[in-house]
Amino acid sequence: MSLSPSVVVTRLRAAGCVFAEDEAELLLSTARNPADLAAMVDRRTAGLPLEHVLGWAEFCGRRVTVDPGVFVPRRRTEFLVRQAAALVPSRAVVVDLCCGSGALGAALATSMEQAELYAADVDPAAVRCARRNVGPMGGQVYEGDLYEPLPAATLRGRVDVLLANVPYVPTGEMELLPPEARIHEARVALDGGADGLDVLRRVTAEAARWLAPGGHLLFETSERQAPQAVETVARDGLVPWVVTSDELYATVVIGRKEDGQAG
């Protein structure tokens with residue numbers, strides 16, 4: 001028996017889905033058959049993130065594959081990609097660290113004339129997912145801890161844009177996250193340590209060695225953490241500044257490697 005649109009909306013609303021009508025439309029348009037729709041509605045009302053139910057997320061105007069357990073790209077992070085697009089040459093080397101689904105690197109590469117794209121993540125599920133998003137663009141995805149799996153001999157000192165959507169939720173605040181994130185996304189993609197900046201410090205410590213002269217590091221953080229993040233970037237030899245979007249409630253820190261600066 002097929003679920004009617006009104007029944008789908010009612011079930012979603014009863015489960016606490018704020019945008020029940022919009023979600024119902026997406027589920028109805030994605031389901032392959034009535035049985036598939038019923039199963040999708042069951043998963044969504046049980047608390048699975050909508051993007052994991054659909055198998056994709058919309059990000060920067062394109063559909064990105066998102067597998068169960070993989071970090072769902074947030075709309076606010078589109079601001080980071082736009083900042084990178086404004087800085088990057090039309091032909092450039094791009095690295096997406098802590099890549100998750102690979103959404104950031106793929107979106108940036110799409111806006112460029114030619115991108116030499118690399119991505120890395122420590123989570124095997126994220127790497128498998130990213131390969132499906134980045135591979136068709138000719139990009140390479142590596143499994144491992146931050147820079148460790150990247151081809152250092154050919155890449156170090158050549159990176160024009162280093163995207164690092166690092167986890168920045170302080171460990172003590174993890175329990176405050178919505179259940180969709182806390183339960184259904186990998187903790188390694190969210191937990192940034194005691195003050196939320198542990199992973200960031202490891203990224204900035206090596207960034208100057210990987211960036212080309214004039215290259216940029218970009219990462220998202222919270223408004224509260226931004227001053228300390230800026231100090232970290234400056235300490236590790238890059239010239240930092242902060243850009244914000246009130247509309248998306250996004251805070252992005254950018255660090256530039258000066259021309260002529262040693263790695």
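Above: the structure in question.
Note that the structure is predicted; figures quoted are calculated from it, not measured. (Residues numbered from 1 in each chain as written. Predicted model: local features only at pLDDT ≥ 70, side-chain atom pairs only at ≥ 80, totals over all residues. Heavy atoms only, no water.)

Participant: So what about the overall build of the protein chain? Which residues, and what values?
Facilitator: Helix and strand counts for the protein chain stand at eleven helices and nine strands. Taking 18 Å as the expected radius of gyration for a compact globule of 263 residues, we find that the protein chain reaches 19 Å, a close match to that expectation. Counting only C-alpha atoms, the protein chain reaches 70 × 40 × 30 Å along its principal axes. With 263 residues in all, the protein chain has 52% of them scored as buried. Contacts in the protein chain between residues at least 24 apart in sequence constitute 61% of all its contacts with a sequence separation of at least 6. For the protein chain, the exposed area adds up to about 12000 Å²; of that, 52% sits on carbon and sulfur atoms. A distance of 3 Å separates the average location of the 26 positive side-chain charges in the protein chain from that of its 35 negative side-chain charges. (Helix = DSSP H or I, 4+ residues; strand = E, 2+ residues; numbered from the N terminus. Rg over C-alpha atoms; globule rule 2.2 N^0.38 Å. Buried < 20%, exposed > 50% of the residue type's maximum accessible area, 1.4 Å probe, protein only. Contact = heavy atoms within 4.5 Å. Areas by Shrake-Rupley, 256 points an atom, 1.4 Å probe, with all protein chains shown as cover. Lys, Arg positive; Asp, Glu negative; His and termini not counted. Charge placed at Lys NZ, Arg CZ, Asp CG, Glu CD.)

Participant: Quick one: what's the story with unusual backbone geometry, residue by residue and with numbers?
Facilitator: Positive phi is not limited to glycine here, since Leu146 has a value of about 50°. For Leu146, the position within the fold is in the loop between strand E5 (140–143) and helix H8 (152–155). Phi at Tyr249 is positive, roughly 55°, even though this residue is not glycine. Residue placement: Tyr249 occurs in the loop between strand E8 (239–245) and strand E9 (250–256).

Participant: So what's going on with the packing of helix H2 (residues 20–30) against helix H3 (residues 34–45)? Which residues, and what values?
Facilitator: Packing of H2 against H3 leaves a shortest axis separation of 9 Å and a crossing angle of 145°. Relative to H3, H2 is oriented so that their crossing is right-handed. Across the interface between the two elements, Glu23, Leu27, Leu28 and Thr30 of H2 pack against Asp36, Leu37, Met40, Val41 and Arg44 of H3. (Axes fitted to C-alpha atoms, helices over the stretch in contact; angles between N-to-C directions. Left-handed = near helix turned anticlockwise from the far one by under 90°.)

Participant: Please set out the sheet that holds strand E7 (residues 211–221) residue by residue, giving values where relevant.
Facilitator: Pairing is mixed in the open sheet, where seven strands are placed in the order E5-E4-E3-E6-E7-E9-E8. Only two strands of the sheet have a single partner each, and these edge strands are E5 and E8. Neighbouring strand axes in the sheet, compared pairwise and without regard to direction, differ in orientation by 20° on average. Where E8 lies against E9, seven bridges are found, and the strand directions are antiparallel. Bridged to Thr244 within E9 is Thr251. The strands touched by helix H5 (residues 78–87) within the sheet are strand E6 (159–164), E7, E8 and E9, with E7 carrying the most contacts at an inclination of about 165°. (Pairing = 2+ DSSP bridges.)

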